[in-house]
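Fold and geometry: a report
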Amino acid sequence: MPATVPTETAGTAILLATLQNLDTPYFLASVVHTAATLTKHKLTIVLFSRFFNVQHQGLTYSETLAVSHTARSSWNDVQKLLTYVYVQATKTAQEMGKVLMDIDILLKGLNDDHLEADLESLVSELGVEVVFRISGDSIATPLPPSIGALRTAYLPAGGHPLSSGSYSMLSQPTSETTTPVLSRTATAKSGDDVTLSSIVEQPPFYPVVALGGTFDHLHPGHKILLSMGAWIASEKLIVGVTSSNLLTKKPNAHLVEPLEVRMQNVRDFLNRFKKGLELYIVELNDVYGPTGWDPNVQALVVSRETISGAKEIATHRAAKDFPPLELFVIDVISATNHNLDHEDAGWLKDMKLSSTFIRAWIAERDAKEEGKLEEAESPSVEGEKN
């Protein structure tokens, strides 16, 4: 029988859950809410699915169950899935004043020979204190002993979240076939005209993928972009991180993290999301970055808001006779996007999934703390009379 543990929260926790399909996982809402409520600093959500199975030659049965990473249907499904879960966790954290809480979502297949070792390393590296599981969810892959040794909370899917600030029933547990998809590639016909042309058959992955961003105070919006870039890359991911010199006019620019910090945060997250992927993380001083001089890049990942930059890159590469890039657009984290099929569009419209919001929150917090300090240091009225 599971034993009740005294009321407390954990600094670092991990949530493990299986996905039977790639539909928006509404059943996770209350589970994610509870996990985020009871975690102070770092919550890692690991989602297991046969659709995320590792693909090598595609000859084994388990490999044929995996979806093509570049098919537009699965691309959209995965980014919607990530967005939904990130929003549930982030909303909960922010409502509790934990704006700086670090949240990761990792996608894991069931046939990965390195999965057990990777999870063991993750638990050790993060110093995980508590594991959250879904009642009745038998994850169909071996889990490392370190996870079995941790306090584990079994939560019901759906229904009402647990009360804020307490664990309920914590216990120690005992020890589709991929088909070719047609897509359109972004190409430039002239210096000011970029069209979608040249119908091509997509591979399941692209060897070299590029993307860019500021990545200040790395948040779920950034992580969705990085995750989707790693999702379609088989060998190398190029990440351009905007130079600090180009960010001086940002709101609360004095709170923008140093370039080195932003680059390291990107590297650390990607190493957790997809181990073994070669990472080339560089300072970005213009819109092109390595895509402007490297003809070996095959795909570019951008957000809907930065698609104009993709057009500039396409024009630039066409002028150099470089191969056109396959363009992948993140189309679910826009504040005005209509593709969100859940009730969080309003929250996103308030820009609460942005570095601007985070810096504003930090500035307000610091101002309040400074005001309290000045008030504490100022002499009392009686002191002034004396």
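Residues numbered from 1 in each chain as written. Predicted model: local features only at pLDDT ≥ 70, side-chain atom pairs only at ≥ 80, totals over all residues. Heavy atoms only, no water.

**Points about the overall build of the chain**
Scanning the chain from terminus to terminus reveals eleven helices and 13 strands. Here the chain, with 386 residues, has 50% of them falling under the buried criterion. If you sum the accessible surface of the chain, you get close to 18300 Å²; carbon and sulfur atoms cover 53% of it. (Helix = DSSP H or I, 4+ residues; strand = E, 2+ residues; numbered from the N terminus. Buried < 20%, exposed > 50% of the residue type's maximum accessible area, 1.4 Å probe, protein only. Areas by Shrake-Rupley, 256 points an atom, 1.4 Å probe, with all protein chains shown as cover.)

**Here's the deal with the packing of helix α6 (residues 220–232) against helix α7 (residues 259–273)**
Packing of α6 against α7 brings their axes to within 10 Å, and their N-to-C directions diverge by 50°. Viewed along their axes, α6 and α7 adopt a mutual orientation that is oblique. For the pair α6 and α7, the sense of crossing is right-handed. Here K223, L226, S227, A230 and W231 of α6 lie close against α7, whose contacting residues are V266, F269, L270 and F273. Considered class by class, the residues forming the contact of α6 with α7 number seven nonpolar, one polar and one charged. (Axes fitted to C-alpha atoms, helices over the stretch in contact; angles between N-to-C directions. Parallel < 35°, antiparallel > 145°, perpendicular 65-115°, else oblique. Left-handed = near helix turned anticlockwise from the far one by under 90°. Contact = heavy atoms within 4.5 Å. Nonpolar A, V, L, I, M, F, W, Y, C, P; charged D, E, K, R; others polar.)

**Re the pairing of strand β4 (residues 130–134)**
Here β4 lies mainly inside the structure; five of its five residues are buried. Burial along β4 is two-sided: the residues V130, F132 and I134 and V131 and R133 are all buried. Bridging between strand β1 (residues 10–18) and β4 involves four bridges; their strand directions are parallel. Paired with A13 across the two strands is V130, which belongs to β4. Both β4 and strand β5 (residues 151–155) contribute to a ladder of five bridges, which runs parallel. Opposite V131, over in β5, you have T152 as the bridge partner. (Pairing = 2+ DSSP bridges.)

**Digging into the side chain of R133**
Residue placement: R133 occurs in strand β4. Comment: no salt bridge for buried R133; closest opposite-charge side chain is D137, at 5.2 Å. Within the local environment of R133, its side chain forms a polar contact with the backbone oxygen of D137, the two atoms lying 3.0 Å apart. Residue contacts for R133: discarding those within four places in its chain leaves L15, L16, I139, L143, T152, A153, Y154 and L155. (Lys, Arg positive; Asp, Glu negative; His and termini not counted. Salt bridge = Lys/Arg side-chain N within 4 Å of Asp/Glu carboxyl O. Polar contact = N/O pair within 3.5 Å; in protein donor to acceptor, adjacent residues only side chain to side chain.)

**What about the pattern of salt bridges?**
Under the counting rule described, the total for this entry stands at ten salt bridges. Linking R359 and D216 is a salt bridge whose minimum nitrogen-to-oxygen distance equals 2.7 Å. Highlighted residues: R359 in helix α10 (residues 355–377) and D216 in the loop between β9 (206–213) and α6, separated in sequence by 143 residues. Taken as a pair, R359 and D216 share a single burial class, namely buried. The closest approach of N and O atoms between E364 and K368, which form a salt bridge, is 3.4 Å. Of this pair, E364 and K368 both sit in helix α10, four residues apart, which is roughly one turn of the helix.

All we've got here are geometric facts, nothing functional implied.
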